[in-house]
Every structure is written in C-alpha cells, then in structure tokens.
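One-letter residues, chain by chain:
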Amino acid sequence: MARIVLGVGGGIAAYKVPGVLRALQSAGHQVSVIPTQASLEFVGAAVWNALGGEAVASGVFDAGPGHIELARGADLVVIAPATANLMARLAAGMADDLLSATVLACSAPLLLFPAMHTQMWRAPATQANVATLRSRGVQVHEPGVGRLAGRDSGPGRMVEPDEISRIVLGELDALGAPGGRGEAGSIGEGAEGVGGLGRGVAYSQTAAGALGGRRVVVTAGGTREPIDPVRYLANRSSGRQGIAIAQAALAAGAEVLVIAANVELEAPAGAERVDVETAAELHKATLQAAGGADIVVMAAAVADFTPASPSEAKIPRGGREDLTLRLVATPDILGDLLARRAEGQLVVGFAAETGPTEADSLARGKAKARAKGADLTVVNDVSAGRGFGQPDNAVWILDRDGQQVAACAGSKRQVADAIVQALSARLPARERGESEQQNLHL
Ligand code: CTP
C-alpha cells in the first residue's frame, strides 16, 4: 500500500476526480485528499468524506493532519485538475493553503494534470510556470484536446480519470513504492522472452537532471508526400510517442527541439517546435538542427517513397479506371545523420514492424539495428492497429549490435522515460565547463 496525496484544484474537471480516488483506493492505496478552497465549489467536502478520502481540509490551520505530516508520509503527490492559478502558486513556491504547503514540504514525485481554457493554457505566464515546474522534475501532463466547459474546444481538457489512475499506478510501479503492481507490463514472448521493464523505469526523480545541459532534437509525427494540391501519401503516426519523448527529455533537464511532421498535438511547454510536412523538409530541418545536438531521436515515421512528379493541378478522374503513380525514394535521414554525426552524439532510430508474430518483429528490428548502426533502435510491433495513435506502446530498445537493452510496455510517456534512461546511461561523460563551449543553438 502506498500513500498518495490527491490534491484537487478549483476547476470544473474536479467532478471527475472522485473516479480517480476510487480507482486508487481499489488498487489498495491510502489516499489523502486535499481540495483547494475553490475546488469545494465544484465537489464539496461531503463527497470526499463519503468516499473515505482521508484528510479533507483546505486551509493550513484546519483540523486534521498538518502539511508536514502529510508531506512526510506521501509516496506520491497527484494534483487533478491543476488549474492555471494553482500551478502559478506552485511555481512561485507559495504555501498559502494546505495543498501548496504540503507540496512545498514534500520531496515525493509530483504529478500534475492541468485543466483549463485553451487561452489560459497557452498564456505565456502559464507556459512559463509549466516550464519552471518541469525543470524541477515535476511531471506536468499535457492536457487533452477536446470539448471544454461551455461551447469551446481545444487543448485544456484534463486527462481522463482512467488514464490518470493508470499513470499514477504505473508511477508507483516505477518508483518501487509499496503496493505497486509489480512488473510494468510485458509485451509477450519474443525470441529472448520479452519481459516488462518492471521497476527499471525510474521516473521523475532519477530522470530529473539526467540530461541537464544537453540538447535533444526529436522528430515526431508522419510525413505527407503531395500527389497533387489536394492529395497526399501519409501514414498513421500521430506524433504522440515523439511528443512524449520531448516531455521526458525536458523533465530530465534537456533543451528540446521538436521537429513536428503534421502533428496536431501541442509540443510540451518549454520545447522549441519547427513544423515540416514532407520527408524532404524533415531531412533538411533535422540535419540542420542535428549540428548542435547531443541527442537526435528519429521518432517520426518518414515516407520511404514520394511521388516522382506531383501534379500542379488536381488530377481529374477523367473516366479512367486506374491510375499509376511513379514514386521515387526519399532521402534516408537516419543514414545521413549517422554519416555526419559529431563525436559523442547519440542517435536513436525507430523500427515499426508488423510481425506476423512479435518474435518476427523483434528479429527484423534487430537486423535493422545492426544494419543502420544507430546507438539505440526502438522497435515496436504495430500489427493489428497497435502503436499508432494509441496512448500506449510496447517496445524493445536495442543497441547497435541488436542486443536488447530494455523492453517496456506502458503509456507512451513511460516508454519515453525508458528511452531517456537508456540514453542517459550512454551519454559520454562531460567535463566541467564543456557544456558552455558546446553551446550550439538549435
Ligand atoms: N527513416 C529516415 N528516413 C527515411 C525513412 C525512415 O530517417 N526516409 C528513419 C525513421 O525515422 C526510423 C528509421 O529510419 O527512425 C527506420 O524507419 P523504417 O521505415 O523502419 O526503415 P527502413 O530502412 O525504411 O526499413 P524498411 O525497409 O523496413 O521500410
């Protein structure tokens, strides 16, 4: 049984948080609920008391356990919804109510699930606060895109309660907290017996600072190759895994550039973003940025072929029964990166394979790892709709000899943390003062 502090901020999404409390309790954990005064407008103390949340007080001087006691006893602190105001207070280190005082006094990992109107989320002040919190190792989860209160929609929706519970339970696993679920998950029986990473995905605390001062370029999404002005060849990549890697790298202290190929998701606060459409544009932007990077992660799904001569006008059907498009190969970005890389730079490739069995996917991934020579190759089996566009992923992480470094099944963020961990273990040691000399701007 782990001890969890569940902070509740004053937003409409508070009405979904009792579901999180129930799920964490059902998993056998002890949960102390600390609602802010404003949140009691949305969900009253009676609800939390009825559900058995243990310390339902808002003020520092209210009856019940005090902030120091709560902070000392916590294995994990979760705040949902994290409002703009609450995050501003946390970023400023304020301690003007029981929740903020507990957070300030607590050294346990802190997970925030923001929810607010899109304009408030995008406001420079909020983004700066999010970046500050992340730079301190706080796990700030990107809000979802969708319907908000009223008629508006956009980024700002709180992550759904089921997903919050899953992330929190995964986090407890990763921390090896009492009562975690044990193994983080398995991705089936591969040639070498593909186990889960178990407790090896040390998150936030271990990762915080692991990439401090490093520059990381992450490509994300999928390229689009124009056929004519209205049509293109594309793939199913949403960019979620690449964005999660950017988040994990930021949380580990890196400076991050996301090169986004047709990604609808927002890049995490604190990361730079460059948008591209085609493989040729991605090639140019990536090679340019790689010059100043310590790590380049090629998470984008790049078209291998592009129409040889895209039509300038819309191609009419014109009574035809078939149409042949001639395709030509796109530049091999990963190959060019590896050919030109500076000494000590780490390059990560991906291999999305389609079986038919997981062992086949792994075997092909191993062959690709050896043939391409990236420092790490992240292999996943994307048959039967797995991987693309999903919140979860299951991967093997291989070294340049095709040897398995790790296997991880979980949320894309957990997979991202496993990749960051494998990278940080491979980074060449850096002498003092060298980081200033290597300051090449992305
Ligand atoms: N990649 C790239 N440039 C391309 C195509 C792919 O840099 N034109 C990168 C991808 O971003 C990924 C890795 O190469 O990190 C492997 O992609 P994949 O399509 O699996 O590799 P291919 O060599 O094209 O293998 P296959 O023959 O299986 O398509």
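You'll find the structure just up there.
As the structure is a computational prediction, the values presented were derived from the model and not from experiment.

**Here we look at the overall build of the chain**
Here comes step 1: Of regular secondary structure, the chain possesses 14 helices and 19 strands.
Here comes step 2: Counting only residues that meet the buried cut, the chain has 52% of its 442 residues in that class.
Here comes step 3: Put simply, 70% of the contacts in the chain that link residues at least 6 apart link residues at least 24 apart.

**Section: a nonpolar patch on the surface**
Here comes step 1: On the surface, F305, L323, L325 and L327 cluster together into a nonpolar patch covering about 360 Å² of accessible area.
Here comes step 2: Residue L327 is classed as partly exposed on the basis of its relative accessible area of 36%.

**As for helix α10 (residues 279-290)**
Here comes step 1: Helix length check: α10, at 12 residues, gives a terminal C-alpha distance of 16 Å against a target of 16 Å (1.5 Å per residue), a fit within 8%.
Here comes step 2: Burial in α10 covers these residues: A279, L282, H283, A285, T286, L287, A289 and A290.

**Side note on the sheet that holds strand β5 (residues 139-140)**
Here comes step 1: The strand order across the open sheet formed by 5 strands is β2-β1-β3-β4-β5, and the pairing between neighbours is parallel. Each edge of the open sheet is held by one strand with a lone partner, namely β2 (30-35) and β5.
Here comes step 2: The pairing of strand β1 (residues 3-8) with β2 spans 6 bridges and is classified as parallel. When the bridges of β2 are listed, G7 appears paired with I34.

**Details of the packing of helix α4 (residues 84-91) against helix α7 (residues 124-135)**
Here comes step 1: The geometry of α4 relative to α7 is characterised by a closest axis approach of 9 Å and an angle of 50° between their N-to-C directions. The orientation of α4 relative to α7 falls into the category oblique. As for how α4 packs across α7, the hand of that crossing is left-handed. Taken together, the residues of α7 that come into contact with α4 (itself represented by A84, M87, A88, L90 and A91) are T126, N129, V130, T132 and L133.
Here comes step 2: Classifying every residue of the contact of α4 with α7 gives 7 nonpolar, 3 polar and no charged.

**Quick notes on the pattern of salt bridges**
Here comes step 1: Taken as a whole and judged by the stated rule, the model has 16 salt bridges.
Here comes step 2: Residues R134 and E142 are paired through a salt bridge, measuring 2.7 Å at the closest nitrogen-oxygen approach.
Here comes step 3: For R134, a relative accessible area of 3% gives the class buried.
Here comes step 4: One network of salt bridges, with partners in common, ties together K16, R157 and E160.

**What to know about unusual backbone geometry**
Here comes step 1: The omega torsion across A80 and P81 is -10°, close enough to zero to call that bond cis.
Here comes step 2: Within the secondary structure, P81 is located in strand β3 (residues 76-82).
Here comes step 3: Residues G355 and P356 are joined by a peptide bond in cis, for which omega reads 15°.
Here comes step 4: Relative to the helices and strands, P356 is located in the loop between β16 (346-353) and α12 (358-372).

**Describing the site of the ligand**
Here comes step 1: Close contacts around the ligand come from 14 residues, with A300, L334, F350, K368 and K372 the closest.
Here comes step 2: Contact between the ligand and P331: a nitrogen atom at 2.9 Å from a main-chain N or O atom of the residue.
Here comes step 3: At the level of elements, α11 (333-340), β16 and α12 are the ones that each hand at least two residues to the shell around the ligand.
Here comes step 4: The residue makeup of the shell around the ligand, split by class, is 8 nonpolar, 2 polar and 4 charged.

**Regarding α7**
Here comes step 1: If you check α7, its first and last C-alpha atoms are 16 Å apart, about what 12 residues at 1.5 Å a residue would give, namely 16 Å.
Here comes step 2: Residues of α7 that are buried include every one of T126, N129, V130, L133 and R134, and no others. Here the buried residues of α7 occupy an arc of 135° about the axis, which is enough to place them on one side. In α7, the exposed positions that point more than 90 degrees away from the buried face belong to P124, A125 and S135.
Here comes step 3: Tucked inside the fold, the buried residues of α7 contact α4, β4 (110-114), α6 (118-122), β5 and α9 (240-251).
Here comes step 4: Backbone geometry just downstream of α7 places G137 in the positive-phi region, at approximately 90°.

**Thoughts on the sheet that holds strand β11 (residues 255-261)**
Here comes step 1: In space, the 8 strands of this open sheet follow the order β12-β11-β8-β13-β16-β17-β18-β19, with mixed pairing throughout. Two strands in the sheet have a free side with no partner beyond their single neighbour: β12 (272-276) and β19 (404-411). Here the strands of the sheet are splayed against their neighbours by 15° on average, with no regard to which way each runs.
Here comes step 2: Relative to β11, strand β8 (residues 215-221) runs parallel, the two sharing 7 bridges. Looking at β11, one finds that A220 is bridged to A260.
Here comes step 3: Its contacts with the sheet put α12 on β16, β17 (376-381), β18 (392-399) and β19, and the angle it makes with β18 is roughly 45°.

**Regarding the environment of K366**
Here comes step 1: Mapping K366 onto the fold places it in helix α12.
Here comes step 2: A sequence separation of 35 residues divides K366 from D401, and the C-alpha atoms of the two residues are 7.7 Å apart.

**Quick notes on the pairing of β17**
Here comes step 1: Burial of β17 is extensive: 6 of the 6 residues sit out of reach of the surface.
Here comes step 2: Judged by which residues are buried, β17 turns out to be covered on both faces: L376, V378 and N380 on one side and T377, V379 and D381 on the other are all buried.
Here comes step 3: When β16 meets β17, the two strands line up parallel, connected through 6 bridges. Considered in β17, the bridge of A351 is made with V379.
Here comes step 4: Read from β16 through α12 to β17, the crossover connection turns out right-handed.
Here comes step 5: Sheet topology places β17 next to β18; 5 bridges connect them, and they run antiparallel.

Calculation criteria
- Residues numbered from 1 in each chain as written.
- Predicted model: local features only at pLDDT ≥ 70, side-chain atom pairs only at ≥ 80, totals over all residues.
- Heavy atoms only, no water.
- Helix = DSSP H or I, 4+ residues; strand = E, 2+ residues; numbered from the N terminus.
- Buried < 20%, exposed > 50% of the residue type's maximum accessible area, 1.4 Å probe, protein only.
- Contact = heavy atoms within 4.5 Å.
- Patch = residues over 30% accessible without salt bridge, like charges linked within 9 Å, V, L, I, M, F, W, Y side chains within 5 Å.
- Areas by Shrake-Rupley, 256 points an atom, 1.4 Å probe, with all protein chains shown as cover.
- Salt bridge = Lys/Arg side-chain N within 4 Å of Asp/Glu carboxyl O.
- Expected span 1.5 Å × (residues − 1).
- Pairing = 2+ DSSP bridges.
- Axes fitted to C-alpha atoms, helices over the stretch in contact; angles between N-to-C directions.
- Parallel < 35°, antiparallel > 145°, perpendicular 65-115°, else oblique.
- Left-handed = near helix turned anticlockwise from the far one by under 90°.
- Nonpolar A, V, L, I, M, F, W, Y, C, P; charged D, E, K, R; others polar.
- Near = heavy atom within 4 Å.
- Polar contact = N/O pair within 3.5 Å; in protein donor to acceptor, adjacent residues only side chain to side chain.
- Arc of directions from axis to C-beta.
- Right-handed = clockwise from strand over helix to strand, strands pointing away.

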